[in-house]
Each structure stands twice: as structure tokens, then as C-alpha cells.
Amino acid sequence: MTATRKWSAEVTEHSNAMDLEDHVFESDDARKIAASLKRSAEHSHRRKAEPFQSAMSMLNFYINRAGKNLPAARKKVLEDAKDELRSAFGRDKDD
């Protein structure tokens, strides 16, 4: 691993969190992001938690790793994806 490579990229690619579809976080459609995360969580053999928890954790991980570098418009799409993910799994916003 080179010095310029971020540890978060390594975690995303090789962690036991779950297998993600390529470019899942690049979509401008929160519903598509949520659907992709749900599919990945339900089909992954690498996750250690329940599908909802794994999908939400990966989304939060991505948002947190981007930090201050995440433009407001992207953050809004990703935050909206959280609500879409809750809906896709039949969860209330308070769950």
C-alpha cells in the first residue's frame, strides 16, 4: 500500500463489512444508493451483522470518512439515502 492511499479505501475494499457494488456512493439518487446497499447487505457473505445494520454502517462510514471534503449537495443525497434505507428495510426513522 502506498503512502498516498487512504486507510479508509483499504477498509472499504477488504473489510468484513460487506461486498459493495462498484461506484455505489456516486449516484445522485438516494433511492438507488439505498437499494444497492440493501442488495449488497442481503447477499454479502462477508458481513458480520444483520443486513440493515451492515448497510447503514457502511453508509455512515462513507459519510464520516469524507468529512469536511464532502460537498453539501452530496451529503444531502447520502443523508437522504439513510431514510431510503430505513424505508427499504421497513424501519422507522427512530430505529
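Preceding block: the structure.
Residues numbered from 1 in each chain as written. Predicted model: local features only at pLDDT ≥ 70, side-chain atom pairs only at ≥ 80, totals over all residues. Heavy atoms only, no water.

Remarks on the pattern of salt bridges
A side chain of one charge can pair with a side chain of the opposite charge if their charged atoms are brought near each other. The final tally for this structure, using the stated rule, is seven salt bridges. The shortest N-O distance in the salt bridge between Asp28 and Arg74 comes to 3.0 Å. Residue Asp28 is located in the loop between helix H1 (7–14) and helix H2 (30–43), and its partner Arg74 is located in helix H4 (residues 72–88); the two are separated by 46 residues in the primary sequence. The exposure class of Asp28 is exposed, given its relative accessible area of 65%. (Salt bridge = Lys/Arg side-chain N within 4 Å of Asp/Glu carboxyl O. Helix = DSSP H or I, 4+ residues; strand = E, 2+ residues; numbered from the N terminus. Buried < 20%, exposed > 50% of the residue type's maximum accessible area, 1.4 Å probe, protein only.)

Details of the packing of helix H3 (residues 51–66) against H4
In the contact formed by H3 and H4, the axes pass within 11 Å of each other and the chain directions differ by 170°. Relative to H4, H3 is oriented roughly antiparallel. Residues Phe52, Ala55, Met56, Leu59, Asn60, Tyr62 and Ile63 of H3 touch H4, and the partners they reach there are Lys75, Leu78, Glu79, Ala81, Lys82, Leu85 and Arg86. Here the residues of the contact of H3 with H4 are counted per class, giving nine nonpolar, one polar and four charged. (Axes fitted to C-alpha atoms, helices over the stretch in contact; angles between N-to-C directions. Parallel < 35°, antiparallel > 145°, perpendicular 65-115°, else oblique. Contact = heavy atoms within 4.5 Å. Nonpolar A, V, L, I, M, F, W, Y, C, P; charged D, E, K, R; others polar.)

A look at the side chain of Ser27
One can find Ser27 in the loop between H1 and H2. Separated by 3.0 Å, the side chain of Ser27 and the backbone nitrogen of Asp29 make a polar contact. Contact partners of Ser27, with chain neighbours within four places excluded, come to Lys32, Ile33, Arg74 and Val77. (Polar contact = N/O pair within 3.5 Å; in protein donor to acceptor, adjacent residues only side chain to side chain.)

Some thoughts on H4
The periodicity of an α-helix, 3.6 residues per turn, causes residues three or four places apart in sequence to face the same way. An ideal rise of 1.5 Å per residue puts 24 Å on 17 residues; H4 measures up with 24 Å between its terminal C-alpha atoms. Looking at the buried residues of H4, the elements they touch are H2 and H3. Phi for Gly90, located one or two positions after H4, is positive at around 70°. (Expected span 1.5 Å × (residues − 1).)

As for the packing of aromatic side chains
Enumeration according to the criterion identifies two aromatic pairs in this entry. The interplanar angle of 70° and the centroid separation of 5.5 Å between the aromatic rings of Phe52 and Phe89 together place this pair among those described as edge-to-face. Residue Phe52 is located in helix H3, and its partner Phe89 is located in the segment after H4; the two are separated by 37 residues in the primary sequence. (Phe/Tyr/Trp six-rings, centres within 6.5 Å; stacked < 30°, edge-to-face > 60°.)

Some thoughts on the side chain of Ser44
Within the secondary structure, Ser44 sits in the loop between H2 and H3. When neighbours within four sequence positions are excluded, Ser44 is seen to be in contact with Met18 and Asp19.

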